[in-house]
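Structural overview for review
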2 protein chains.
Amino acid sequence: MSLLIIGSVALDSIQTPFGEKKDILGGSAVYASVAARFYCPVKLVAAVGEDFPEEHVRFLEGQKIDVRGLQRIHGGKTFRWSGYYEYDMNQAHTRDTKLNVLGSFDPKIPPEFLDAEFVFLANLDPALQLKVLAQIKRPKLVAMDTMNFWIENRREDLHKVIKKVDILLINDAELRQFMETPNLPVAARRLLELGVKAVIVKKGEHGALYFSHDEHFSAPSFPQAQFRDPTGAGDSFAGGFMGYLAKTDDLSHANIRRAIIVGSVMASFNVEDFSLDRLKRLQAHEIAERFAEFKRFSHFDAVEL
Amino acid sequence: MSLLIIGSVALDSIQTPFGEKKDILGGSAVYASVAARFYCPVKLVAAVGEDFPEEHVRFLEGQKIDVRGLQRIHGGKTFRWSGYYEYDMNQAHTRDTKLNVLGSFDPKIPPEFLDAEFVFLANLDPALQLKVLAQIKRPKLVAMDTMNFWIENRREDLHKVIKKVDILLINDAELRQFMETPNLPVAARRLLELGVKAVIVKKGEHGALYFSHDEHFSAPSFPQAQFRDPTGAGDSFAGGFMGYLAKTDDLSHANIRRAIIVGSVMASFNVEDFSLDRLKRLQAHEIAERFAEFKRFSHFDAVEL
């Protein structure tokens, strides 16, 4: 099965305690696509400006990502995010956001992409996520991501789009903010009542949680000693998660759990280096080894009490 | 096997978003002992003042806890802690601490307690923890807890006692503070280099981590919708953990993992109500059911990638 991904393509300027990089390839759709392509064919829809380096397009093509939905806007400039992480890298600090072409982005799904059975609406204005949903036939699974900016400024659109998707991926701080309670299980239940079928809470160094009406799963955290840049962790998680589901075409509880671990594995690699640098050199056997490691450090036996 | 527990017995005054209680039974040794007694005989060493209600002593005796090591100091007053938790209950705020009899506590292990094979040094001045270690024969396992106050004010004694114990239990914020890095796996490695054989990082709502030189385990968090008072969560975790190890007398990796889940189960019950109220009415079948639940919501199958 193929996976359609809509989101941002960015040129990021990032500073972490481990270095500073200017105008590097980033964006929610890029991280998600590069992570997903390890598992299934990926169809990317996004907008860039005239300034977007051709080498990045060639890199995405080289990753076997279908870029026919990548619109280059004449006279436009690529979305740029500039930010830094302090000593405790769990919190991103924004220095500057230039929406540029994203400000007037009108996503058009190419006709040849309309049959995608799996769709990931990466972090983007929920009004645009709604526009995408209006164009596609009902796929097998639609997941979406969001962020604090939309919770604060587009709450109404966010409520609308949530009702139309199967899975919402959101980080823990944003879920608390959105549902106005510090208790994550309570917040997740409230979100389910809004009409989304399932929620994945991304907790960074603390792993991930999955909640649906009849299922709960707690995914462990990877002991991340090699940790250089958290940018794109959530997006590479989502890419691995959705890519694995598209590959296996199996939406059973057991397989959703596996997919959450696959997502955790991809995120754990992504944060080991800046931009897509780690995913670029990632080998299939490394993924398999780390998946096995996740199982090894989190399993425990039953007990007689 | 029996478990010797040395720590504080307190009269706590606690305010959470769910209520306010004055002068209720608390203290690190009390929470640990009541949790541990579900699994093994417990021998308690602590000091209280003349004001300590006789009904609390009778309660501990009723729990089959051996209180021959509970010293009542004539003319002294019981240790008191007063604090509150805000909306996000992960952080305790201290209003007032009155050390009272703990200020001059000179722990004496009764001769009939000296054969305990398992020892838990609950949160207490590390100088007192050292005094206890000087009195006992080498047991099978010694674990200790500590807190930010000792990290800030008794760093030298803390380094000494760490070298003499097998397992240090510490919460995530305190580990970061102690080892001066926000990265928990890195902090845990640094701690192991100081001479402790293993460390358990208590992460509250995010579960617990175990690190030793050759082993890592990540224990999941319980989806805690019923959450009224976090006081004693770490101590009831430690009591369940040590009690289960003492009961089974098995220090294999697999059994340490089970013991960490047992500790997590006890903590998850303890925070459901104030003081010891939930542990008082806890039934063995509830423990077994919740242990099974931990397994159910955290296990996942191997994958072909």
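Computed from a prediction, not measured in an experiment: that's the story for all the values here.

1. Some thoughts on the overall build of chain A
- If you tally the helices and strands in chain A, you get 11 helices and 13 strands.
- A compact globule built from 305 residues would reach a C-alpha radius of gyration of about 19 Å, and chain A, at 18 Å, matches this within 12%.
- Each principal axis of the C-alpha distribution contributes one length, and for chain A these read about 70 × 40 × 35 Å.
- Here chain A, with 305 residues, has 54% of them falling under the buried criterion.
- Across chain A, the fraction of contacts at a sequence separation of at least 24, relative to all contacts at a separation of at least 6, is 67%.

2. Comments concerning the interface of chain A and chain B
- Tallying the contact residues gives 36 residues for chain A and 36 residues for chain B.
- Those elements that place two or more of their residues in the side of chain A that touches chain B are α7 (184-193), β13 (215-219), α9 (253-270) and α11 (284-298) of chain A.
- In terms of residue count, the dominant contributor to the side of chain A that touches chain B is α11 of chain A (seven residues).
- Of the residues assigned to the side of chain A that touches chain B, the class counts are 21 nonpolar, eight polar and seven charged.

3. Some thoughts on the sheet that holds strand β12 (residues 208-212) of chain B
Residue and element names in this part refer to chain B.
- Here nine strands make up an open sheet; going across it, the order is β5-β4-β1-β8-β9-β10-β11-β12-β13 and the pairing mixed. The outermost strands of the open sheet, each flanked by one partner alone, are β5 (65-73) and β13 (215-219). Recorded for the sheet is a direction-independent mean angle of 15° between the axes of neighbouring strands.
- Examined bridge by bridge, strand β9 (residues 141-145) and strand β10 (residues 167-171) share three bridges and lie parallel to one another. The residue of β10 that forms the bridge with M144 is L168.

4. Things to note about the relation of the copies chain A and chain B
- Once chain A is rotated about the relating axis by 180° and shifted along it by 0.0 Å, it coincides with chain B to within an RMSD of 0.0 Å. This pairing of chains is accounted for by a two-fold axis.
- Looking at chain A, 100% of its interface residues are interface residues in chain B too, so the copies touch through the same face.

5. Some details on the packing of helix α8 (residues 233-248) of chain A against α9 of chain A
All names here are of chain A.
- Packing of α8 against α9 leaves a shortest axis separation of 7 Å and a crossing angle of 140°. As judged from the angle between their axes, α8 and α9 are oblique. Crossing hand, α8 versus α9: right-handed. Here α8 contributes A233, S236, F237, A238, G239, G240, F241, Y244, L245 and T248 to the contact with α9, which in turn contributes N255, R258, A259, I260, V262, G263, S264, V265, M266, A267 and N270.
- Of the residues that constitute the contact of α8 with α9, the class distribution is 12 nonpolar, eight polar and one charged.

6. As for the confidence of the model for chain A
- Model confidence for chain A is summarised by a mean pLDDT of 95, while 100% of its residues fall at 70 or above.
- Note on the complex model: pTM 0.95, ipTM 0.92.

7. Details of the environment of G207 of chain B
Residue and element names in this part refer to chain B.
- By the secondary structure assignment, G207 is in the loop between β11 (198-202) and β12.
- Considered as a pair, G207 and S264 are 57 residues apart in the sequence and their alpha carbons are 7.4 Å apart.
- Among all residues touching G207, those that are not within four sequence positions of it are S218, A219, P220, S221 and S264.

8. Some thoughts on the pairing of strand β4 (residues 42-49) of chain A
Residues and elements named next belong to chain A.
- In terms of burial, β4 is largely enclosed, as seven of its eight residues are buried.
- Inspection of the sheet shows strand β1 (residues 3-6) paired to β4 by four bridges, in the parallel sense. Residue pairing in the sheet places L4 in a bridge with K43 of β4.
- Direction of pairing for β4 relative to strand β5 (residues 65-73): parallel, over a ladder of seven bridges. Note that in β5 the partner of V48 across the bridge is R72.
- Read as a crossover between parallel neighbours, the route from β4 over helix α2 (residues 54-62) to β5 is right-handed.

9. Considering the pairing of strand β10 (residues 167-171) of chain A
Residue and element names in this part refer to chain A.
- Counted residue by residue, β10 has five buried out of five residues, so it is predominantly covered.
- The sheet contact formed by β10 and strand β11 (residues 198-202) spans five bridges and is parallel. Looking at the pairing, I170 lines up with V201 of β11.

10. Examining unusual backbone geometry
Residues and elements named next belong to chain A.
- Here the phi dihedral of D23 falls at roughly 50°; this positive angle occurs in a residue that is not glycine.
- Assignment of secondary structure puts D23 in strand β3 (residues 19-26).
- The class for D23 is partly exposed, based on 15 C-beta atoms found within 10 Å.
- In this structure, D249 takes a positive phi of about 50° despite not being glycine.
- Turning to its location among the elements, D249 is positioned in the loop between α8 and α9.

11. Considering helix α3 (residues 126-135) of chain A
All names here are of chain A.
- Burial in α3 covers these residues: P126, L128, Q129 and V132. Buried residues in α3, looked at end-on, bunch into an arc of 155°, giving them a common side.
- For α3, the elements touching its buried residues are β1, β8 (118-121), β9 (141-145), α4 (148-153) and α5 (155-164).

12. So, the sheet that holds β10 of chain A
All names here are of chain A.
- Strand order in the open sheet formed by nine strands is β5-β4-β1-β8-β9-β10-β11-β12-β13, with mixed pairing between adjacent strands. One side of each edge strand has no neighbouring strand; the edge strands of this open sheet are β5 and β13. Taken pair by pair, the neighbouring strands of this sheet meet at an average axis angle of 15°, ignoring direction.

13. With respect to the environment of I24 of chain B
Residues and elements named next belong to chain B.
- Checked against the element boundaries, I24 lands in strand β3 (residues 19-26).
- I24 sits 32 residues away from H56 along the chain, and the two C-alpha atoms are 9.6 Å apart.
- Aside from chain neighbours lying at most four places away, what touches I24 is D12, I14, F274 and S275.

14. A few points about the environment of R278 of chain B
Residues and elements named next belong to chain B.
- Relative to the helices and strands, R278 resides in helix α10 (residues 277-280).
- Assessed through the 21 C-beta atoms surrounding it within 10 Å, R278 is described here as buried.
- With 126 residues separating them along the chain, R278 and E152 place their C-alpha atoms 33 Å apart.
- If we ignore the near neighbours within four places in the chain, the residues touching R278 are F269, N270, E272 and D273.

Cut-offs and rules
Position numbers for residues start from 1 in each chain and track the written sequence from start to end. For this description, chains carry letters from A and ligands carry numbers from 1, given in the order in which they are written. Side-chain atom pairs in this predicted model are given and counted only at pLDDT of 80 or more, local residue features only at pLDDT of at least 70, and totals for whole chains, interfaces and linings cover all residues. Counting from the N terminus, the helices are DSSP H or I runs at least four residues long and the strands are E runs at least two residues long. In this setup the radius of gyration rests on C-alpha atoms only. A globule is expected at 2.2 Å times the number of residues raised to 0.38. Put plainly, a residue is buried at 20 or more neighbouring C-beta atoms within 10 Å of its own, exposed at 12 or fewer, and partly exposed in between, counting only other residues' C-beta atoms, which are placed from the backbone. A residue pair is marked as a contact if its C-beta atoms, positioned from the backbone, fall within 7 Å. Amino acids outside the nonpolar list (Ala, Val, Leu, Ile, Met, Phe, Trp, Tyr, Cys, Pro) and the charged list (Asp, Glu, Lys, Arg) are all regarded as polar, and Gly is one of them. Any two strands are treated as partners once DSSP identifies two or more bridges connecting them. Structural elements are reduced to axes, namely lines fitted to C-alpha atoms, with helices fitted over the stretch in contact, and the angle between N-to-C directions of any two is expressed from 0 to 180 degrees. Least squares is the method used to superpose the copies, on C-alpha atoms of residues holding a pLDDT of at least 70 in both. Reported orientations rely on four angle classes, namely roughly parallel under 35 degrees, roughly antiparallel over 145, roughly perpendicular from 65 to 115, and oblique for the rest. With the far helix as reference, a near helix turned anticlockwise by less than a right angle produces a left-handed crossing, and one turned clockwise produces a right-handed crossing. Confidence scores per residue from the predictor, reported as pLDDT, run from 0 to 100. Handedness of a crossover: with both strands directed away from the viewer, a clockwise path from the first strand across the helix to the second marks it as right-handed. Arc definition: it is the arc formed by the directions from the helix axis to the C-beta atoms.

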